[in-house]
Structure formats: C-alpha cells, structure tokens
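Understanding the architecture of this molecule
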Amino acid sequence: MALAMVGAVWAFPTAWVLFATFWHAGHFTVANLSETWAAAPFGRYALNTAVIVGGLFVVQAVFGAVAGFVLARYPFPGKGVVTALFLLQVVVPVYAVLIQEYRIVEGLHLLNTKVGIMLPYAVSGIAVLTYRQAFRAVPRELEEAARLDGYGTFGVFRHVYLPRALPATLAFAVVSVTYHWTDFLWPLMVTDSDSARPIAVGLAMLAQASEAGLQWRVLAAATAVVVVPVLALFAAFHRRILAALTTGLDW
Amino acid sequence: MQVTVGMGPRSRPAGESGLGWVRGRLLWVYAVLAVPLAWVLAFVAWPSFSTLWQSLWALDAVGRPTGFAGLGNFRALFAQPLFSEVTLNTVTYAVAATGLSVAAALGLAVVLARVRRDQVGARGLLIALFSPTVMPAIAAANLWLYFLAPRIGVVDWLLRALGSGGENWLGQPGSALAVLVALFVWKYAPYFTLFLLAGMQAIPPNLRDALRLDDPRGFSAWRRVLLPLLAPMLLFVTVLALLYAVETVDPVYVMTQGGPNNATDLVMYYLYQLGFEFFAWGPAAALSALLMTVLSTLSGLSLIVLERKAFHW
C-alpha cells in the first residue's frame, strides 16, 4: 500500500504530461505530438545527440581501455603522477572550469560544432579507472597461456583482456550515456544554432518559447517527445541500467 | 577485495629481463599514454590553472586580459548587487535540497529493501521511481512547469476544488525556491537510494536476521547497528547531493530564469549571466575561481569517502 502510494506520487508529474499529450476531447490522439514535431527540428536534435553521445562513449572507452590496461599491468616510472592526472580529471568537473573550456573551444574555432561540445569530455578518468579495475581482476595465468600460444601484447589485450572487460564496458556505457545525453549548460554555451544543438538544449529553447507564448500543449508534447523513448528503453532494461549506475562507480 | 598485485616471479611476462626489452617496453607505455595525458593536461590541468590565474587579471568586454588586477575582480564581484543574494539563495537551496533528498533517499531505501523482485507491481514501482533519474533535468523541469502551471496544471486544479488556487507557484519568491527544492528531491532522491541500497547489501544477512530476532520492530537495531554501518554511504550520498545542488542550473533556466525578484538565482546560473548576459568577465573570472575551489573540493571529498568505503584505486 505504502509502495503504491510512493510509486503514484513519483510517477505523477510524468503521467500527467503524457496524459495531456495523448488524451484530448475524450480520446487518444497523436495530433499534439505531430504538431510539436513540426514546430522544432527534433530529428536534427536527436541525430546531434546520438552523434555526440555515441562518439563520446567510443572515444572515452578506447582511451580508457588502453590507459587502464597500461596502468593495471605495467610498472613504469611516473605511474603515480599519471594516475593522479587521471584522478584530477574526475575531481575537476567541467562545470568548475566552464569559462576556460569555452575560451579553448572558441580559440580552436570549434564553437557551434559537435566536436566542440565533445572535446572537454573526450578522456574520462572514470573510464580509465573502471578499466584498470576490470583488467586487474583478469588472472595472470590466462595472459601467460596466451603468450605461450604466440600472442603479442596487442593480441593479449585484444583476446584475453578486452572480452573480460565487457561487463565493465556496459556499466560505463550506461554512466557515460546518461550523463552526456542529459547535459545542458555546456552545450548551451557552445551552440547558437540548431546545426549542433543536442536535444536537451533544443527542448529548453522550445520550452522557453512556448512558456512565453503560453502554449502549454506544445510544452507538454515536446517533453513527451523526449521522455517517451527514454521511458520505453528504461522499461525494457531497467534492472541492468539500475545495476550499472552503481557498479559504474566501483573502481 | 581482490588480490590483484603480481605474486612472485612466475606471474611476470616471460623475458622481462634484459635492459633493451625494458627500455622498449617503457617507450611503448609512454607512447600509448601520450594522447590521453596530453588531453588531460590541455583540457583539465590547463583550464584549472588558468581559471585561478585569470581571476587575477582585469578583463575587457570580450574577456581579453588588459592588465594585472590583483584581487580587484573579487572586490568587484563582492560589490555586485546580486552577489550576496545569490549566495544566500544557493546556500538555502543547497542545504534544503541536500537534507531533504538524503532523508527521502533513506526512507525509500528502507521501503525498497523489502520489495521482492517478483512482487506484483515491483517493475512499475521501479520505473516510476527511476524514470526521473534517466531523463534530462530539462525534461524534468518541463514536467514540473506543466503540472504547476496556473489554470491548466493539476495542482492548481486540485486547489481550486478545495476552494483556493489561482496560485502561481513560480511567481512568488519563497514558493519558487521551494518548488526547485522539491524538483531536486523528486529527480535525485531515488538515484541516491541506489547507493544506499548497495551499502545495505554489504551488511551481512545473518546480522540482519539476528537483529530482527532480537528486536522485531527493528527501530533501535536500525538506529544503533545498521545506520552506523551505512554511515560511509550516507556521507558519500550527502556530498554528492551537495555537489549536484551547487551545480543546479537547468531548472532555473527553464522554470524561473532566476526570478521572481532574483529569488531563484543560483550560483551556476549567475555565472552564466555574468559572462554571457552582463559581459562582466572580471567578476565572472573571480566567481569561476571560487566555484572551482568549492566544486573540486566537494567532488574530491566524495572520492575520498567512496574509497574509504571499500572501493580501491
């Protein structure tokens, strides 16, 4: 009973907006949705978001896996300093150095581009530490056996270590994707047209416009356009996503 | 805890002896690390340094340094008409949002710990609770904007049925800040619950069972035994909540733009205004330096707490 109450309270704001979007004059309708879809370039926003979020994940995972592998398995002078630098990336959030990041991206003439949005996030300390942890757990005997079979360092990395880091990769993917697709202030600062704008920024623009014009149905429907796909994805994979959100910090 | 360090000579890769091999390997290691490290230096270390350094320079309207200013930017920032108001708003908001969201997270953790996987409605409950976690803060702010809106929002509709209503919750200073706090609790408390649940799972089940036998109603056992065991996770979640609260900007941008009467102007939004609306880059640089110190301290603190808890670097 208490559970049902809690669930109802939490679901309420979302349910109300979905109801307002899909229910009009006593029956189900998608008219609000299609009207809103035409009011802003949602397809463009979605594509931009996919490129930014997907690209960032791939780049972060590649750097993370390579650096994590070296840190997990090879002693070398300066290892402490290198680890500390990756930790620094975790400790100093982009939001703490926002204006200087803006100056750098401006100096590189990358304002208003997807690359400009991605640049400050391209190496993730969390990815490095996650992979380091995952690779440390791989038994050394497996590596030795593979080397006896004639694999070089890259072969060992590719065939012994990487496959065993798949759960860590998936967990990191959830953390990275949830963070970057919801990110707002940084992409807002970098973009000033729809060409590179991700969906969170586009939605905020539309919300401000429709709020000013008191077009509440547009606001509700635009929010529904963003929220419905996430809800569907989350409903399908909720256990894995929830598990990943905490294990993503297990390094 | 896993034992992961190499154990004895057998665990080293074959042929590690030989100076040439070692040198070759070192070269390879540094070559692999060069790109990510150069990136960290360029996009983390350098901006951190220049955030502090630039706060000491006078800046023109496009942000170019024009001369050394010492602490002039900080004096100009403190003299800004909004500064003390923004500080007060941010502290009030951060303390209320942190306290309430951690308390709510603890309550939710206690409730969720009893839910079984196969229970009827468990799936629905999880989706209801965690959909705010996975949606952008902008979308969450829109949902709240819509359901609080005067005349069409359901809150107003309910209040009118009770005989009052017509209230613009975002139109009055006190209630507007309270709405932002409530939104924060709604969005983040379930997320924090995940960490508390993970902390509770670390408590051995036989200890829990023993306590349940000793003290069936569980209250004092909860308070005296389980709460201390959960304390590190609670501390982590508290620091995380503070960090998120200080970083809050999305709902301000969508719902209030800092108003009414600057009552919801929070520090991150103020920084954005100083730079991109007022072009006061000097005070903005000073505020950046202060914010960087606070945010980095908080996020460093959360890592230290996290590490002490059992995770290992």
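1. A few points about the domain arrangement of chain B
All names here are of chain B. Segmentation of chain B into domains returns domain 1 (18-72) and domain 2 (82-309). Contacts between the two partners involve ten residues from domain 1 and, on the opposite side, eight residues from domain 2. Contact between domain 1 and domain 2 buries roughly 650 Å² in total, counting both sides, with carbon and sulfur atoms accounting for 77%. In this assembly, domain 1 and domain 2 are joined by zero salt bridges. Applying the counting rule to domain 1 against domain 2 returns one residue pair in polar contact (both at pLDDT 80 or more). With four residues, the top contributor of residues to the side of domain 1 that touches domain 2 is helix α1 (residues 19-54). Split by residue class, the side of domain 1 that touches domain 2 holds four nonpolar, five polar and one charged.

2. Examining the packing of helix α5 (residues 137-148) of chain B against helix α7 (residues 173-201) of chain B
Each pair of packed helices gets described by two things: the angle between the helix axes and the distance between those axes. Residues and elements named next belong to chain B. Contact pair α5 / α7: the axes reach a minimum separation of 11 Å and the direction vectors enclose 125°. Considering the angle they form, α5 stands oblique to α7. Crossing of α5 against α7: the hand is right-handed. Taken together, the residues of α7 that come into contact with α5 (itself represented by A137, A140, A141, L143, W144 and L148) are V179, A182, L183, W186 and K187.

3. Some details on helix α1 (residues 2-22) of chain A
Think of an α-helix as 3.6 residues a turn; residues three or four steps apart then line up on the same face. All names here are of chain A. Across its 21 residues, α1 extends 29 Å between first and last C-alpha, which sits within 8% of the 30 Å expected from 1.5 Å per residue. At F12, α1 is deflected by roughly 50°, the largest bend along its length, and proline P13 occurs up to four residues later in sequence. Regarding α1, the residues found buried are G7, W10, P13, T14, W16, V17, A20, T21 and F22.

4. Concerning the pattern of salt bridges
Under the counting rule described, the total for this entry stands at four salt bridges over all chains. E143 of chain A is the partner of R147 of chain A in a salt bridge, and the nearest nitrogen-oxygen pair spans 3.2 Å. Of this pair, R147 of chain A and E143 of chain A are both found in helix α8 (residues 140-148), four residues apart, which corresponds to roughly one turn of the helix. Here E143 of chain A falls in the buried class, since its relative accessible area comes to 6%. D60 of chain B serves as the salt-bridge partner of R64 of chain B, at 3.5 Å between the closest nitrogen and oxygen. Of the residues examined, R64 of chain B reaches a relative accessible area of 55% and is grouped as exposed. On the basis of relative accessible area, D60 of chain B is assigned to the partly exposed category, the value being 22%.

5. Re the packing of α1 of chain A against helix α4 (residues 122-134) of chain B
Interaxial distance between α1 of chain A and α4 of chain B falls to 8 Å at its minimum, and their mutual angle equals 35°. Between α1 of chain A and α4 of chain B the crossing geometry is left-handed. Residues L3, V6, G7, W10 and A11 of chain A of α1 of chain A form the contact with α4 of chain B, whose participating residues are L125, A128, L129 and P132 of chain B. In the contact of α1 of chain A with α4 of chain B, the residues fall into eight nonpolar, one polar and no charged.

6. As for the interface of chain A and chain B
If you look at the interface, chain A gives 91 residues, while chain B gives 94 residues. Summing both sides of the interface, chain A and chain B together bury roughly 8600 Å²; the carbon and sulfur share of this comes to 75%. Where chain A meets chain B, there are eleven residue pairs in polar contact (both at pLDDT 80 or more). Sorting elements by how many residues they give to the side of chain A that touches chain B places helix α13 (residues 216-247) of chain A first, with 16 residues.

7. Observations concerning the packing of aromatic side chains
Scanning all chains against the criterion turns up 42 aromatic pairs over all chains. With a centroid separation of 5.3 Å and an interplanar angle of 70°, the aromatic rings of F195 of chain B and F236 of chain B are classed as edge-to-face. Residue F195 of chain B is located in helix α7, and its partner F236 of chain B is located in helix α9 (residues 219-247); the two are separated by 41 residues in the primary sequence. Of the two residues, F195 of chain B and F236 of chain B, both sit in the buried class. Clustering of aromatic rings is evident, with ring pairs tying together F69, Y74, Y131, F135, F154, F157 and Y161 of chain A together with W28 of chain B. When the ring centre of W281 of chain B is taken as reference, the NZ or CZ atom of R103 of chain A above it lies at 4.4 Å.

8. Focus on the environment of F86 of chain A
One can find F86 of chain A in helix α4 (residues 79-91). Owing to a relative accessible area of 0%, F86 of chain A belongs among the buried residues under this scheme. F86 of chain A sits 19 residues away from A67 of chain A along the chain, and the two C-alpha atoms are 9.5 Å apart. Leaving out residues up to four positions away in the same chain, F86 of chain A has contacts with A67, L71, V123, G125 and V128 of chain A together with L33, P36, L37 and V40 of chain B.

What counts, and where the lines are drawn
Residues numbered from 1 in each chain as written. Chains lettered and ligands numbered in written order. Predicted model: local features only at pLDDT ≥ 70, side-chain atom pairs only at ≥ 80, totals over all residues. Heavy atoms only, no water. Domains from an automatic or database assignment. Contact = heavy atoms within 4.5 Å. Buried area = accessible area lost by both parts, 1.4 Å probe. Salt bridge = Lys/Arg side-chain N within 4 Å of Asp/Glu carboxyl O. Polar contact = N/O pair within 3.5 Å; in protein donor to acceptor, adjacent residues only side chain to side chain. Helix = DSSP H or I, 4+ residues; strand = E, 2+ residues; numbered from the N terminus. Nonpolar A, V, L, I, M, F, W, Y, C, P; charged D, E, K, R; others polar. Axes fitted to C-alpha atoms, helices over the stretch in contact; angles between N-to-C directions. Parallel < 35°, antiparallel > 145°, perpendicular 65-115°, else oblique. Left-handed = near helix turned anticlockwise from the far one by under 90°. Expected span 1.5 Å × (residues − 1). Bend = angle between axes of the 7 residues up to and from the residue. Buried < 20%, exposed > 50% of the residue type's maximum accessible area, 1.4 Å probe, protein only. Phe/Tyr/Trp six-rings, centres within 6.5 Å; stacked < 30°, edge-to-face > 60°. Lys NZ or Arg CZ within 6 Å of the ring centre and 35° of its normal.

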